[in-house]
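What the coordinates show
The chain contents come next:
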Amino acid sequence: MDDDYRRLADRIADDIAAGRLRPGERLPPQRAFARQRGIAGSTAGRVYGELVRRGLVVGEVGRGTFVRAAPPAPNGRALAEPAATGRATTVNMELNYPSAPGQSELLAPALAPLLRPDVLTEALRPAPANGTPEARAAVAGLLATPGWRPDPDGVLFAGNARQAIAATLASLVRPGGRVGVEALTYPLVKEIAARLGIVLVPLAMDQEGLRPDALAAAHRSAPLSALYVQPTLHNPTSVTMGEGRKRELARVVRELGVPVVEDRIWSFLVEVGEPLAAHVPELAHVVDGLSKRVAPGLTVGFLVVPPDRAEAVAAAVRSGGWSAGRFALEAGVRWVEDGTVARLVAAKRVDAARRQRLLARELAEFGGAVRSDPYAYYAWWELPASWRAETFTAAVAAHGIAVTPGDAFAVGPQRAPDAVRLGLASAPEPELARALRTLAAVARRGRTGR
C-alpha cells in the first residue's frame, strides 16, 4: 500500500512540476479519485496526505478537490494551515494490530518444539482446508460461548480472516450476485467484492447495528445471494447487537433463506452472549482468526460453516490459493492448547479498556460525536460541522498522523459521512496520547470555505 499511494502522489506532483496541473486547479474529489484509480478510499486519502507533506495543501472548492502550494508556517504558530514538513507518518491510526506486554515471551515457547528438524519437515507442508483433527477441536473450543459450541467437523482454515471471508463469499455468490452489507462496512470486503465481481448492497443501520427490515426490503427488491454482517464490535462504529436484535435478524434470515457470513474477528474483546450463528446455524458461516488475538505476522483464519457447506467452502479455499500455512496452523493450535491465547486475550481486553479511557479523556470535549465501546480498539468520530472527512484526513497527515476517512467504509453511491475511524491498537500509549491531543487541536481549529 505504501508504494501504491506514493507512486500516485509522484504522478500528481510530476503533473504540477511539468505545468500539466497548476496550483489552484482541481483534482477529483477523493471518492471519485479512488473509483477512477481502482483503489480504496483510505488509500486516496493517503495520496492527498502525501501531497500535503510534500508542500501542497489539499482542500476543497465547491465539489472539487484542489491542490495549491502551501505557504511556510510562521515560527511559533501552532497548528497553522499545515505546511509540508517532509515528515512521514509517525502515528498510524489506520493500522490496528494490538500487542500485549510481554507478547513475544509468551509466544516463543510454543514455537521452539516446531523447530526440531523432524517436526519442522511436516510443519512446512501445506495444510488442507480442514486442517487436522487436533486443530479443529482446538478452534471449536476457542470459539465456543456459553450458548454455542461449533461442530469441529464444520471448522475450516484459511491463511487469515480476510481470505476466509473471500473464500466464503466465492463459495456462495456467483459473479454479478448481490450481497447485503451494513451501510458502513469493513473496507477490505469492498475490495474482495470488486475482485469477485460481487455487487454490495448497503443496508440501513441504527444504534443496534443492521436493521432486519432493511435486509427484508433489499431482498424483496432483488434477491440477495448472501449477507455479510458484523454483529459484535462492528468495524468502524463499535456497535454490538443486543440479543433481541440478533434473534429478530436470525428470524428474517431464515424466512428469506439468505446465507450469512458473520465476521467475529473482534469479538474476543467482549463477552456479549451468543453469536448470530447460534440462532441460525443452518445458514451461518462464522469468520474469525488469530491476527488480532495473537499477532498479524503469523496468523490463521477460521471458518465455521454448516456441515453440508464444508466441501464447497473448502474447494473455494483451495482454488483461491487461500490455504493456511501448516507451520502457522501448528503454532496456533499450540498457543490455544497451552493457554497462551487466553492469556493474550485477557491482556488485550485490559489494554483496550485503558486506551478507551485515554480516548475519552483527550476527546472529551467532542462528547457523543466520538462513538465507541469501552472495550473496542477503535472509535468512530463524527467530525465537527466545519470539517469534511477527506480534508481533515489530509490536515492531520501534515502533522504525521494517519486516520481512516469515512468513505473507506461507506457502500453505495450516497455521500459518505464526515467521520473518521481512529485505530487505537498499534501506537504506543504515549504516542497515542499525543496524537489524540493533536487531532483535538486540529478539529478545534476548524476550516473555512467548507
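Quantities reported herein were computed from a predicted structural model and do not represent experimental measurements.

**Looking at the sheet that holds strand β12 (residues 284-289)**
Strand order in the open sheet formed by seven strands is β5-β13-β12-β11-β10-β6-β7, and the pairing between neighbours is mixed. Every interior strand has two partners, whereas the edge strands, β5 (155-158) and β7 (199-203), have only one. Adjacent strand axes in the sheet meet at a mean angle of 25°, parallel and antiparallel pairs treated alike. In this structure, strand β6 (residues 178-182) lies alongside strand β10 (residues 226-229), joined through three bridges in parallel fashion. Looking across to β10, one finds that Val179 is bridged to Ala226.

**Looking at the packing of aromatic side chains**
One pass over the full model with this rule turns up eight aromatic pairs. With a centroid separation of 6.1 Å and an interplanar angle of 90°, the aromatic rings of Phe157 and Phe302 are classed as edge-to-face. With Phe157 in strand β5 and Phe302 in strand β13 (residues 301-304), the pair connects residues that are 145 residues apart, well separated along the chain. Side by side, Phe157 and Phe302 carry an identical accessibility label, which is buried. Lys292 extends its terminal NZ or CZ atom over the ring of Tyr97, reaching a point 3.9 Å from the ring centre.

**Here we look at helix α11 (residues 310-319)**
Two residues of an α-helix separated by three or four positions point the same way, owing to the 3.6 residues in each turn. Every buried residue of α11 is listed here: Ala310, Val313, Ala314, Ala316 and Val317. Along the long axis of α11, the arc covered by the buried residues comes to 155°, so they all point the same way. Among the exposed residues of α11, those oriented more than 90 degrees off its buried face are Glu311 and Ser319. A positive phi of about 70° marks Gly321, the residue just after α11.

**Observations regarding the nonpolar core**
Phe157 and Val179 are the most contacted members of the largest nonpolar core, which has 75 residues in total. If near-sequence neighbours (up to four positions away) are discounted, Val179 is found in contact with Leu169, Val173, Ile198, Val199, Leu200, Val201, Leu224, Ala226, Leu227 and Tyr228. The next biggest cluster of nonpolar side chains, apart from the first, holds 29 residues, and it includes Leu363, Leu383, Trp387 and Leu424.

**As for the packing of helix α6 (residues 133-143) against helix α12 (residues 326-337)**
Remark: α6 packs on α12, axes separated minimally by 10 Å, with the N-to-C direction vectors making an angle of 45°. In terms of orientation, α6 and α12 fall into the oblique class. α6 and α12 meet at a crossing whose hand is left-handed. On α12, the residues that touch Glu134, Ala135, Ala138 and Leu142 of α6 are Leu329, Val333, Val336 and Glu337. Counted by class, the contact of α6 with α12 contains six nonpolar, no polar and two charged residues.

**Remarks on the pattern of salt bridges**
Within the structure shown, the criterion is met by 19 salt bridges. Two residues, Arg354 and Asp351, come together in a salt bridge whose shortest N-O distance is 2.9 Å. Note that Arg354 and Asp351 are positioned in helix α13 (residues 340-362) at a spacing of three residues, about one turn of the helix. A salt bridge links Glu362 to Arg361, with the nearest nitrogen and oxygen atoms 3.8 Å apart. We classify Glu362 as buried; its relative accessible area is 15%. Arg361 sits in the exposed class, given a relative accessible area of 56%.

**Some words on the pairing of β13**
What you see with β13 is no split at all: Gly301 and Leu303 on one side and Phe302 and Val304 on the other are buried throughout. Looking at chain direction, β5 and β13 are connected through four bridges and run antiparallel. Following the sheet pairing, Leu156 is matched in β13 by Leu303. Note that β12 and β13 share four bridges and pair antiparallel. What sits directly across from Asp288, in β13, is Phe302.

**Concerning the sheet that holds strand β15 (residues 378-382)**
Taken together, four strands build an open sheet; the order of strands is β14-β15-β18-β17 and the sheet is antiparallel. Each edge of the sheet is formed by a strand with only one pairing partner; in this case those strands are β14 (370-371) and β17 (404-405). Where β17 meets strand β18 (residues 419-423), two bridges bridge the pair, whose relative direction is antiparallel. Across the sheet, residue Thr404 finds its bridge partner in β18, namely Arg421.

**Quick notes on unusual backbone geometry**
The backbone phi angle of Leu233 is positive, close to 50°, even though this residue is not glycine. Its place among the elements puts Leu233 in the loop between β10 and α10 (243-256). A residue is classified by how much of its surface remains accessible, and Leu233, at 1% relative accessible area, is buried. Phi angles above zero are rare outside glycine, and Ser238 is one such case at about 70°. The residue Ser238 is located in the loop between β10 and α10 in this model.

**Description of empty space enclosed by the protein**
Scanning the model with the defined rule gives three cavities of 30 Å³ or more in all. Lining the second largest cavity we find Ala135, Ala138, Val139, Phe157, Leu290, Val300, Phe302, Ala328, Leu329, Gly332, Val333 and Val336. Those elements giving two or more residues to the lining of the second largest cavity turn out to be α6 and α12. Among the elements that line the lining of the second largest cavity, the one with the most residues is α12, at five residues.

**What about the environment of Glu262?**
Along the chain, the position of Glu262 falls in strand β11 (residues 260-263). The exposure class assigned to Glu262 is buried, which follows from its relative accessible area of 0%. Separated by 34 residues in the primary sequence, Glu262 and Tyr228 place their C-alpha atoms 6.1 Å from one another. Setting aside residues up to four positions removed in sequence, Glu262 forms contacts with Val229, Pro231, Pro275, Leu276, Ala277, His285, Val286 and Val287.

Cut-offs used in this document
Within each chain, residue numbers correspond to sequence positions counted from 1 in written order. In keeping with the predicted nature of the model, local features appear solely for residues at pLDDT of at least 70, side-chain atom pairs appear and are counted solely at 80 or more, and the whole-chain, interface and lining totals rest on all residues. The side-chain values count all of the structure's non-hydrogen atoms but skip hydrogen atoms and water molecules. Any two strands with at least two DSSP-identified bridges between them are counted as paired. A run of H or I in DSSP becomes a helix once it reaches four residues, and a run of E becomes a strand once it reaches two; helices and strands are each numbered from the N terminus. In this analysis an axis means a line fitted to C-alpha atoms, helices contributing only their contacting stretch, and an angle means the value between N-to-C directions, from 0 to 180 degrees. Ring pairs shown here join Phe, Tyr and Trp side chains whose ring centres sit within 6.5 Å, with only the six-membered ring taken for Trp; geometry is labelled stacked below 30 degrees between planes, edge-to-face above 60, and tilted in between. Burial classes follow relative accessibility: with a 1.4 Å probe on protein chains only, a residue under 20% of its type's maximum area counts as buried, one over 50% as exposed, and anything between as partly exposed. Look at NZ for Lys and CZ for Arg. If either is within 6 Å of the ring centre and within 35 degrees of the ring normal, a charge sits over the ring. By construction, the arc corresponds to the directions joining the helix axis to the C-beta atoms. What we call a nonpolar core is a set of buried Ala, Val, Leu, Ile, Met, Phe, Trp, Tyr and Cys residues that are connected through their side-chain atoms within 4.5 Å. Contacts were defined at the residue level, with two residues in contact if any of their heavy atoms lie within 4.5 Å. Here the angle decides the label: under 35 degrees means roughly parallel, over 145 means roughly antiparallel, 65 to 115 means roughly perpendicular, and every other value means oblique. In this scheme the crossing of two helices becomes right-handed for a clockwise turn of the near helix relative to the far one and left-handed for an anticlockwise turn of less than a right angle. Residues are grouped as follows: Ala, Val, Leu, Ile, Met, Phe, Trp, Tyr, Cys and Pro are nonpolar; Asp, Glu, Lys and Arg are charged; every other residue, Gly included, is polar. A pair is scored as a salt bridge if a Lys or Arg side-chain nitrogen falls within 4 Å of a carboxyl oxygen belonging to Asp or Glu. Note on definitions: the grid is 1 Å and covers protein atoms alone; a cavity is a set of points where a 1.4 Å probe fits but cannot get out; a pocket is an open set with protein on both sides within 12 Å along at least five of seven lines; lining residues have an atom within 4 Å of a point. Grid points are joined across faces, edges and corners, and a volume is the space filled by probe spheres set on the points.

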